[in-house]
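What follows is each chain in one-letter form.
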Amino acid sequence: LTILVVWQALLHMPASVLIDAGGDMSRRGSLSESVLDPGDICETVSEVIVREEECFESCILADVDMGVWFEVLETGHGRRIKVKNDITEGWISHKTAKNQPLISKIQANLNSSLDEFQVGNVYEVMSMAMMREAEHLCSTEVAALEPGTQVKIIEAGKSNKRCAKVSTLGHGQGWISLASKSGQVFVGSTMRLSIRSSR
């Protein structure tokens, strides 16, 4: 009898109420699954707005594109976090009101491995890499670099440590990704690769 009463109540409940309830449940789940702490490094996976204060009515400091790195300074109310990089510092949302992620947390081991790449050194492409016109991940593609292509890093990424401007013999200059967000490295030391191939 109790089950029948509950079922009848659900049948007569407005659809908007059911949707809101489901949305609240999904929000609670996502908050427990993606924990951001001060000191964490994150990368935007969509366009975000940097504001001066935590509230949404504060002044806009910057419109940030996808693929920009930030350091988390402070976690605020709800989905708001305070971040900074070499270009700006302010408050952003780490997800939308519909619970869609706006940033992705960068693993510490990836961040440290990228520090090993040095401007002026020559490296070798280990898997197919797309060379772009600018640092922005959505910029125009200019060439596809085959595995084995040697590249010289001439500039480190300003907004994203995964990106670097390189010079090649056959394709001129452009920007490539040194690693994926998941930690897969696309470029390696020519010395390490030559030693491995000689064994």
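Reading the values: rules and limits
- Residues numbered from 1 in each chain as written.
- Predicted model: local features only at pLDDT ≥ 70, side-chain atom pairs only at ≥ 80, totals over all residues.
- Heavy atoms only, no water.
- Core = buried A, V, L, I, M, F, W, Y, C linked by side-chain atoms within 4.5 Å.
- Buried < 20%, exposed > 50% of the residue type's maximum accessible area, 1.4 Å probe, protein only.
- Helix = DSSP H or I, 4+ residues; strand = E, 2+ residues; numbered from the N terminus.
- Contact = heavy atoms within 4.5 Å.
- Pairing = 2+ DSSP bridges.
- Salt bridge = Lys/Arg side-chain N within 4 Å of Asp/Glu carboxyl O.
- Phe/Tyr/Trp six-rings, centres within 6.5 Å; stacked < 30°, edge-to-face > 60°.
- Lys NZ or Arg CZ within 6 Å of the ring centre and 35° of its normal.
- Lys, Arg positive; Asp, Glu negative; His and termini not counted.
- Polar contact = N/O pair within 3.5 Å; in protein donor to acceptor, adjacent residues only side chain to side chain.

Looking at the nonpolar core
V151, I176, L178 and V187 are the most contacted members of the largest nonpolar core, which has 21 residues in total. Secondary structure elements with two or more residues in this core: α3 (108–114), β8 (122–125), β9 (129–132), β10 (141–145), β11 (150–156) and β12 (163–168). In this structure, V151 is in contact with N121, V122, Y123, V125, L145, V166, S167, T168, I176 and V187, ignoring residues within four places of it in sequence. Of all hydrophobic cores here, the second largest spans 13 residues; its members include V64, V72, I92 and I103.

Describing the pairing of strand β1 (residues 41–44)
Burial along β1 is two-sided: the residues I41 and E43 and C42 and T44 are all buried. When β1 meets strand β7 (residues 103–106), the two strands line up antiparallel, connected through four bridges. Within β7, the residue paired with T44 across the bridge is I103. Sheet topology note: the β1/strand β4 (residues 69–75) ladder contains three bridges and is antiparallel. Its bridge partner being in β4, E43 is matched across the sheet by W69.

Things to note about the pattern of salt bridges
Under the definition given, this model contains five salt bridges. As a salt-bridge pair, K105 and D40 come within 3.3 Å of each other at their nearest N and O atoms. Residue K105 is located in strand β7, and its partner D40 is located in the loop between α2 (15–33) and β1; the two are separated by 65 residues in the primary sequence. K82 serves as the salt-bridge partner of E89, at 3.8 Å between the closest nitrogen and oxygen.

Considerations on the packing of aromatic side chains
Under the criterion given, the structure shown has one aromatic pair. One cation-aromatic arrangement involves R80 over F56; the distance from NZ or CZ to the ring centre is 4.4 Å.

Focus: the side chain of E135
Here E135 lies in the loop between β9 and β10. With no salt bridge to any partner, buried E135 finds its closest opposite charge in K158, at an N-O distance of 5.9 Å. Side-chain polar atoms of E135 contact the backbone nitrogen of N160, separated by 3.2 Å. Leave out the neighbours within four places in its chain, and E135 touches G157, K158, S159, N160, C163 and W175.

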